Amino acid sequence: MTDLEQLKEHPAISRLRAWNPTVVEGAKFDREEMSLYIERSAIREACAILRDDPQCSFNYLSDVTCVDWYPSEPRFEVIYHLLSIPQKERVRLKVRLNGDSPALESVTSVWPSANYFEREVFDLFGVRFNGHPYLRRIQMPENWEGHPLRKDYPVEGYR
Amino acid sequence: MTAMPALDAGQDRTMILNMGPQHPSTHGVLRVILEIDGENVVRIMPDIGYLHTGIEKTCEAKFYQQVVPLTDRIDYLCPMTNNLCYVLAVEKLLGLDIPPKAQWLRVMLNELTRINSHLVWLGTHAMDIGALTVFLYCFREREDILRLFEAVSGQRMMTSYFRVGGVALEPPLDFFDRVRAFADRFPSKVDEYENLLTGNPIWAMRTKGVARITAEDAVALGASGPTLRGSGVDFDLRRDMPYSGYENFKFRVPVATEGDVFARYQCRVQELRESIGIVKQALDGMPQGPIKADAPKVVLPDREKMKTQMEALIYHFKIITEGFAVPEGEVYQAVESPRGEMGYYIVSDGTAKPYRVHVRSACLANLQLLPKMCEGRLIADVVAAIGSIDIVLGEIDR
C-alpha cells in the first residue's frame, strides 16, 4: 500500500497530520514495515512529536542512515528507524534531499543517540546536519577527500 | 641554581591522556582521549574508525549470497548472529518461508554464539579489572563451542553457515549429542565463574556503583541489549519482537535495576544460563524435515540432484554465475545480538546485488554512553566501563 489516504488511520500519520497537514509527503506499507516521507524542514519537530505523543511513544531511535539514488534527483534519502519500546513497534521516516549541498536539521536534541549516527552519515555521504554538536568525520581519517558510500565513489577508491 | 620541579602538579590545570588505540583494555583498536585532573576524568572522547574496512560499500558489489561471509567479519565474536540477521532481511525481501528445522538450528546456533560471545566478554572484562583466572576458564568452554561450530560449518570463527533460504549443510550425525553433552556440562561451569566473581569483595568494589547509567539516559543514548537491561529497561527483541521462531521458546529475560557495571555483569551471566536453556529446548524439539526452503531459483540444489537432474544443474549454474534477483523494496531486520540490537537495513533495486546494505551496530550506540558513565570518575573506572558495555570494534567501524 502506498496511498496516504488508505494509511491515514495509522497513529503516527494521524498525529503528524493533525499537527501539520502537509508534513507527511507520502507513506508506504510494505513487507509489514511502515515508511513515512517527511518534509525536510520539519524532521526535528516531527521526531519530537512522535517521541512525546502517548499514542505513538517512539521513544527510541534505532538507527539513522542514508541511501544515495545517484544520478536521479532528489538524490539522497536520509532514513530514521524509530522504535517504540512500550508499544513494540517500528516506523521508518525518510527525508528526501537534493544532490547539491544536502543538509537538514539534526535530531540530536530529540535523541542524543543520533550523534554518532549522523556523524557517520555526514562522513560517508556528505549530508550536513544543522545544529549537530560535533559534526566531524567519524570513520574516515580527518583529511579524507570524498564520501565513500556515495554511488559515484568507486568501490576500489581513487588510486 | 635551584632545582625546578619536574612536573607542575600543583598547578590547577588538566592533562590530556591518550588511551589506545593499542591499549589492551580497549578490546581492539578503540582510542579514548581522556582529559584528566590527577586521577579524575574530566572529559572523555572515544575516537573510532581504526578498523573501518568499508564493508557496507563492498556489499554493494557482491551478489546477495556473497555478502554472508562479509557479515561474519563485522562482529567476529558473534558471526552466526550477523549471518542470521542478514539472511532474515534478504528472506523478508524475497518472501521466503523457512522450514522449521532450519529455524530451530538457527536458534540453537545463535544461542551457542551468544554463550561464545559472553564468554569472551566475561574473560576479558574480568582480566581488565585484574581477575586473571576467569579468562582461562572462559576460554576453556569457548573452545568447546568453537569445536561445535567447526563440526557444523567447517570453520571455528568465520562460520558463514547460514544461507538465504536455510542453512548450508545437514549437521554431522553426532552433532546433537555433542551439543547436548555441552549443554549438560555448561551450567556447572557458570557456577564456577560466579564462584570466582559474584561474591568476590574485590570484584564488588571494582564494579558496584561504578559507571552508573539511568534508564532514561540509556534509552536516550540508544543503548540496547544487556547494557539497556542492566539499567532496568525490560526489553529483549527475542521475546518482544520475535524472529526466526523465537516465539516457540520459553526463556526469562534477566533485568537488573542498578545500572552499574555489576548490574550489566549480572544480566550477562544470567543470560548464559537462559541461553543454555534455549539450546536444550531446541535440542528436545528439533523438528524433522528439510533444512532449505523450497525455492529452486534462490537455494542451491543438492549435489546429488545436480548430478542427475538437468534442471538442478541449470539452476546451480545460474545461481553461481548470476546470483538471484531480489524484488524491489527495503527492509529493516533487527535481532538481539549478544551486545544488543543488531539491525540490517537492505535496499534492493530488483537486481542480483543489494543496492544498499546498512548495519545498525549495537556497539556504536552503546559506546555513546561512555562519557556519561566515566566523567567525574577515576581512570581505573574507565577500564571497567569499557569492559561492561562489551564493545567489538569490528562492528563499530565496519
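Treat the numbers as computed from the prediction; the structure is a model and nothing was measured. (Residues numbered from 1 in each chain as written. Chains lettered and ligands numbered in written order. Predicted model: local features only at pLDDT ≥ 70, side-chain atom pairs only at ≥ 80, totals over all residues. Heavy atoms only, no water.)

A. Quick peek at the overall build of chain B. From N to C terminus, chain B includes 17 helices and eight strands. Here the C-alpha atoms of chain B give a radius of gyration of 23 Å, agreeing with the 21 Å that 2.2 N^0.38 yields for 398 residues. Principal-axis analysis of the C-alpha atoms places the extent of chain B at approximately 95 × 45 × 40 Å. For chain B, buried positions account for 60% of its 398 residues. Per element, the accessible surface of chain B, about 15,600 Å² overall, is 55% carbon and sulfur. Once the 44 positive and 51 negative side-chain charges of chain B are each reduced to a mean point, those two points are 3 Å apart. (Helix = DSSP H or I, 4+ residues; strand = E, 2+ residues; numbered from the N terminus. Rg over C-alpha atoms; globule rule 2.2 N^0.38 Å. Buried < 20%, exposed > 50% of the residue type's maximum accessible area, 1.4 Å probe, protein only. Areas by Shrake-Rupley, 256 points an atom, 1.4 Å probe, with all protein chains shown as cover. Lys, Arg positive; Asp, Glu negative; His and termini not counted. Charge placed at Lys NZ, Arg CZ, Asp CG, Glu CD.)

B. The pattern of salt bridges, seen in detail. Residues and elements named next belong to chain A. All told, the structure shown has 49 salt bridges over all chains when counted by the stated rule. Here Glu 33 makes a salt bridge to Arg 92, at a shortest N to O gap of 2.3 Å. Of the two residues, Glu 33 is situated in strand S2 (residues 33-38) and Arg 92 in strand S5 (residues 89-97); the sequence distance between them amounts to 59 residues. On the accessibility criterion, Arg 92 (2% relative accessible area) is buried. (Salt bridge = Lys/Arg side-chain N within 4 Å of Asp/Glu carboxyl O.)

C. Up close: the nonpolar core. One finds Leu 36, Tyr 80 and Val 127 of chain A to be the most contacted residues of the largest nonpolar core, which totals 184 residues. Beyond its immediate stretch of four places on either side in the chain, Tyr 80 of chain A contacts Ile 43, Leu 61, Asp 63, Val 64, Val 91, Arg 92, Leu 93, Val 95, Leu 104, Glu 105, Val 107 and Phe 129 of chain A. (Core = buried A, V, L, I, M, F, W, Y, C linked by side-chain atoms within 4.5 Å. Contact = heavy atoms within 4.5 Å.)

D. How the structure looks around the sheet that holds strand S3 (residues 60-68) of chain A. Residue and element names in this part refer to chain A. In spatial order, the strands read S1-S2-S5-S4-S3; together these five strands make up an open sheet with mixed pairing. With partners counted over all chains shown, the strands left at the sheet margins are strand S1 (24-30) and S3, one partner each. Across this sheet, the average inter-strand angle for adjacent strands is 20°, counted without regard to direction. Here six bridges tie S1 to S2, and the two strands are oriented antiparallel to one another. Residue pairing across strands places Lys 28 opposite Ser 35, the latter belonging to S2. Packed on one face of the sheet, helix H1 (residues 11-19) meets S1 and S2 and runs near 15° to S2. Each of S2, strand S4 (76-84) and S5 is contacted by helix H2 (residues 43-52), which is oriented at about 170° to S5, the strand it contacts most. (Pairing = 2+ DSSP bridges. Axes fitted to C-alpha atoms, helices over the stretch in contact; angles between N-to-C directions.)

E. Highlighting unusual backbone geometry. Residues and elements named next belong to chain A. Residues Tyr 70 and Pro 71 are joined by a peptide bond in cis, for which omega reads 0°. Inspection of the secondary structure puts Pro 71 in the loop between S3 and S4. The omega angle of the peptide bond from Glu 73 to Pro 74 is -5°, so this bond is cis rather than trans. Within the secondary structure layout, Pro 74 lies in the loop between S3 and S4. Despite not being glycine, Lys 88 shows a phi value in the positive range, around 55°. For Lys 88, the location among the structural elements is in the loop between S4 and S5. Taking the relative accessible area as the measure of exposure, Lys 88 reaches 35% and is therefore partly exposed.

F. Structural detail: the interface of chain B and chain A. The partner chain A presents 46 residues to the 44 residues of chain B that form the contact. The junction of chain B with chain A conceals about 3,700 Å² of combined surface from both sides, 56% of it contributed by carbon and sulfur atoms. The largest share of the area that chain B buries against chain A comes from Lys 57, Glu 330 and Tyr 355 of chain B, three residues that together contribute 19% of it. At the surface where chain B touches chain A, the tally comes to seven salt bridges. Linking Glu 60 of chain B and Lys 151 of chain A is a salt bridge whose minimum nitrogen-to-oxygen distance equals 3.2 Å. Along the contact surface separating chain B from chain A lie 28 residue pairs in polar contact (both at pLDDT 80 or more). Class assignment for the residues of the side of chain B that touches chain A results in 25 nonpolar, seven polar and 12 charged. (Buried area = accessible area lost by both parts, 1.4 Å probe. Polar contact = N/O pair within 3.5 Å; in protein donor to acceptor, adjacent residues only side chain to side chain. Nonpolar A, V, L, I, M, F, W, Y, C, P; charged D, E, K, R; others polar.)

G. Structural view of helix H4 (residues 100-129) of chain B. All names here are of chain B. With 30 residues, H4 should reach 44 Å at 1.5 Å per residue; the first-to-last C-alpha distance of 43 Å fits that figure. Where burial is concerned, most of H4 is hidden: 26 out of the 30 residues are buried. Positive backbone phi, at 120°, marks Gly 130, one or two positions downstream of H4. (Expected span 1.5 Å × (residues − 1).)

H. Here's a closer look at the side chain of Ser 244 of chain B. Residue and element names in this part refer to chain B. In this structure, Ser 244 sits in the loop between helix H10 (237-240) and helix H11 (261-284). Take Ser 244: its relative accessible area is 11%, and that puts it in the buried class. Ser 244 has contacts with Leu 84, Leu 88, Gln 103, Arg 106 and Val 107, leaving out every residue within four places of it along the chain.

I. Fine view of the packing of aromatic side chains. This model, assessed by the stated rule, comprises 15 aromatic pairs over all chains. Look at Phe 76 of chain A and Phe 125 of chain A: their rings are 6.5 Å apart centre to centre, the planes differ by 85°, and that puts the pair in the edge-to-face class. You can see Phe 76 of chain A sitting in strand S4 and its partner Phe 125 of chain A sitting in helix H3 (residues 114-125), a full 49 residues away along the chain. Each of the two residues, Phe 76 of chain A as well as Phe 125 of chain A, counts as buried. For the pair Tyr 246 of chain B and Phe 251 of chain B, a centre-to-centre distance of 6.3 Å together with 70° between the ring planes defines the contact as edge-to-face. Taken as a pair, Tyr 246 of chain B and Phe 251 of chain B share a single burial class, namely buried. The rings of Trp 104, Tyr 243, Tyr 246, Phe 249 and Phe 251 of chain B are connected pair by pair, giving a single aromatic cluster. Stacked on the ring of Tyr 37 of chain A, the Lys or Arg Arg 96 of chain A has its end atom at 3.9 Å from the ring centre. One cation-aromatic arrangement involves Lys 151 of chain A over Tyr 355 of chain B; the distance from NZ or CZ to the ring centre is 3.9 Å. (Phe/Tyr/Trp six-rings, centres within 6.5 Å; stacked < 30°, edge-to-face > 60°. Lys NZ or Arg CZ within 6 Å of the ring centre and 35° of its normal.)

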